[in-house]
Amino acid sequence: MDFELGKEEESFRDEVRAFLDENLPEGVDKRDPAFMKGWLARVRAKRWVGYAWPEEFGGGGGTLMKQAILKQEMTSRTAPPLGTCLMGLQWVGPSIIKYGTEAQKQRFLPDILDSKYQWCTGFSEPGCGSDLAALQCKAVRDGDDYVVTGQKIWTTMGTFAEWMILLVRTSWDPEHKHDGITCLLVDMSSEGIEKRPINTMAGPAMFAEIFFNEVRVPVDQRLGDEGQGWQVTLSSLANERSGISEINSLVRRLQKTKDLAKKCLRNGSPASEDPFVRRRIARCDVIIEAMRLNGLRFLTAQLRGEPLSSETSINKLHRATLEVEFGELGLVLQGDASQYVKGSSEAIDRGFWQKVSLVWPETVIGGGTPNIQKNIIAERMLGLPKD
Ligand SMILES: Cc1cc2nc3c(=O)[nH]c(=O)nc-3n(C[C@H](O)[C@H](O)[C@H](O)COP(=O)(O)OP(=O)(O)OC[C@H]3O[C@@H](n4cnc5c(N)ncnc54)[C@H](O)[C@@H]3O)c2cc1C
């Protein structure tokens, strides 16, 4: 890969930096609703919300390289998100662009870009998360509606999202489990939907169980053809997937860990001088650098027009290792002080590490567990026998 940026890309990077200097002043409160409203309006006006979406649908029509630059510059300054309709921007919108009817495009895409409301994702069910193709929630055609009955679980934002992208079973063939799956766009205020929040050990409920009791969903809210749900949700709209922008936050976390090691004592000296601690921190540093280089390799492949699929499991696995390590090391370094939690005046870094240690399982499991990533790498990349 050529590590230098071309002239056009350099000037785009400078444009993003100048925008950040002007619109993200030092010390600004990013939780202030008035600031966020102005921020969202300004990034929308630049067409940086949905930057890679085609211009005809209100996106920026940006290239993969510029998309990577935009994301990197934003994360390096811990900027607020480019649009708050997160799932809408990540996969609902791209799926609608590829498979939606004209009416669906007009109805949903502008609202996603304008951050009008939230979408949630109804894929996982009790008993099928990793093996998603075994899903059971069923939809039966009745006139101009589908009637949906079944249950979903681990639905992020399920208690308050206004719309859901839902996978249902419309037919069952044990030999071809993927074929009988259909994708529906569901108004979450529909009659017959019951939402039960799930508390996590990290605090307030992020997730919900969603029950569908004969919920009627108009057929014109089906995305793609009946039985095409699997392909629909593997939307292949050109999207930068190298993951290099996440490196910035990992580097920050590593620095915070080093700072913690300097201020905590181990056998009477700063923990940062202990060979055992130094080895663990160095290992994290090496993994982050491996992820950065992998990311650049993935980006190069995408720029050459090569499709990305199983390779991204490598960095997902590295990320899981880091999450666990940061979560554990943060507590080990504090020794007995690790027992103080957020809110206690004795808590180091205001209880930040205690929170990290409770949250890491979410990042490790969400989007596919490490075991599943290992299976993907083994079977699809190394050509080992099937699990
Ligand atoms: C933060 C977070 C957000 C999420 N958000 C959503 C959401 O918005 N919508 C949604 O639909 N789902 C969501 N999920 C659910 C998530 O997709 C599933 O939790 C995940 O796919 C794992 O499925 P499962 O929980 O059913 O575990 P299981 O699939 O039952 O796995 C249990 C254990 O068995 C292992 N295992 C399973 N199969 C194999 C195998 N073949 N080989 C080896 N080991 C195996 C797994 O690695 C794991 O350790 C979210 C989860 C998290 C943590």
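What you are looking at is a predicted structure, and each value in this text was computed from that prediction instead of being measured. (Residues numbered from 1 in each chain as written. Predicted model: local features only at pLDDT ≥ 70, side-chain atom pairs only at ≥ 80, totals over all residues.)

Asker: Is there a simple way to think about the domain arrangement of the protein chain in this case?
Answerer: Often the size quoted for an interface is simply the accessible area lost on bringing the parts together. According to the domain assignment, the protein chain consists of domain 1 (7-83), domain 2 (119-236) and domain 3 (241-381). Computed from C-alpha coordinates alone, the two centres of domain 1 and domain 3 are separated by 26 Å. Between domain 1 and domain 3, the contact holds seven residues from the first and eight residues from the second. (Domains from an automatic or database assignment. Contact = placed C-beta atoms within 7 Å.)

Asker: Is there a simple way to explain the site of the ligand in this structure?
Answerer: Contacts to the ligand come from 19 residues, most closely from G129, S130, G366, T369 and N371. Contributions of two or more residues to the shell around the ligand are made by β1 (119-122), β3 (145-156), α10 (352-365) and α11 (370-381). Across the shell around the ligand, the residue classes tally to five nonpolar, twelve polar and two charged. Taken domain by domain, the shell around the ligand gets at least three of its residues from each of domain 2 (119-236) and domain 3 (241-381). (Near = placed C-beta within 6 Å. Helix = DSSP H or I, 4+ residues; strand = E, 2+ residues; numbered from the N terminus. Nonpolar A, V, L, I, M, F, W, Y, C, P; charged D, E, K, R; others polar.)

Asker: It is not clear to me how helix α7 (residues 246-263) should be interpreted in this structure. Could you clarify?
Answerer: The α-helix advances 3.6 residues per turn, and as a result positions three or four apart in sequence lie on the same side. With 18 residues, α7 extends 27 Å between its outermost C-alpha atoms, agreeing within 8% with the 26 Å of an ideal straight helix rising 1.5 Å per residue. Regarding α7, the residues found buried are I247, L250, T257, L260 and A261. For α7, the angular spread of the buried residues around the axis is 135°, confining them to a single face. Facing away from the buried side of α7, by more than 90 degrees, are the exposed residues S249, Q255, D259 and K262. Against the buried residues of α7 lie β10 (269-270), α8 (275-303) and α9 (312-334). (Expected span 1.5 Å × (residues − 1). Buried ≥ 20, exposed ≤ 12 C-beta atoms within 10 Å, placed from the backbone. Arc of directions from axis to C-beta.)

Asker: It is not clear to me how the nonpolar core should be interpreted in this structure. Could you clarify?
Answerer: Proteins that are soluble and globular tend to have nonpolar side chains buried together. Formed by 71 residues in total, the largest nonpolar core has its most connected members in W119, V148, M164, L184 and V186. If sequence neighbours within four positions are ignored, M164 has contacts with W119, C120, G122, V186 and M188. (Core = buried A, V, L, I, M, F, W, Y, C linked by C-beta atoms within 7 Å.)

Asker: Would you mind going over unusual backbone geometry with me for this structure?
Answerer: Glycine aside, residues mostly have negative phi, and peptide bonds are mostly found in the trans state. Residues other than glycine seldom take positive phi values, yet T78 does so here, at roughly 40°. Here T78 lies in the loop between α3 (64-76) and α4 (86-99). The phi torsion at D349 lies on the positive side, around 50°, for a residue other than glycine. Within the element layout of this structure, D349 appears in the loop between α9 and α10.

Asker: Explain the pairing of β3 to me, please; I cannot follow it from the model alone.
Answerer: Note on strand geometry: in a regular strand, side chains alternate between the two faces of the sheet. Two elements, strand β2 (residues 138-142) and β3, share five bridges in a ladder whose sense is antiparallel. The residue bridging D142 from the neighbouring strand is D145, located in β3. What sits between the antiparallel neighbours β2 and β3 is a turn of two residues, in which G143 has the positive phi angle 65°. By the bridge criterion, nine bridges tie β3 to strand β7 (residues 203-218) in an arrangement that is antiparallel. Looking at β7, one finds that D145 is bridged to P218. (Pairing = 2+ DSSP bridges.)

Asker: Is there a simple way to explain the packing of α7 against α9 in this structure?
Answerer: Two measures define how a pair of helices packs: the angle their axes make with one another and the distance between the axes. Direction vectors running N to C along α7 and α9 enclose 20°, while the axes themselves pass 10 Å from each other. Here α7 is positioned roughly parallel relative to α9, judged by the angle of their axes. Note that α7 runs across α9; the crossing there is left-handed. In this structure, α7 uses L250, R253, T257, L260 and A261 to contact α9, whose residues at the interface are L322, F326, L329, G330 and L333. (Axes fitted to C-alpha atoms, helices over the stretch in contact; angles between N-to-C directions. Parallel < 35°, antiparallel > 145°, perpendicular 65-115°, else oblique. Left-handed = near helix turned anticlockwise from the far one by under 90°.)

Asker: For this particular structure, what's the right way to read the environment of R47?
Answerer: For R47, the location among the structural elements is in the loop between α2 (33-45) and α3. Separated by 66 residues in sequence, R47 and L113 place their C-alpha atoms 9.1 Å apart. When neighbours within four sequence positions are excluded, R47 is seen to be in contact with G59 and G60.

Asker: Got a minute to help me understand the packing of α9 against α11 in this structure?
Answerer: Two elements in contact, α9 and α11, have axes separated by 9 Å at closest approach and are oriented at 150°. The angle between the axes of α9 and α11 places the two elements in the roughly antiparallel class. For the pair α9 and α11, the crossing hand works out as left-handed. Of the residues in α11, those touching α9 at S313, I314, K316, L317 and A320 are P370, Q373, K374, I376 and I377. Among the residues forming the contact of α9 with α11, the class breakdown is six nonpolar, two polar and two charged.

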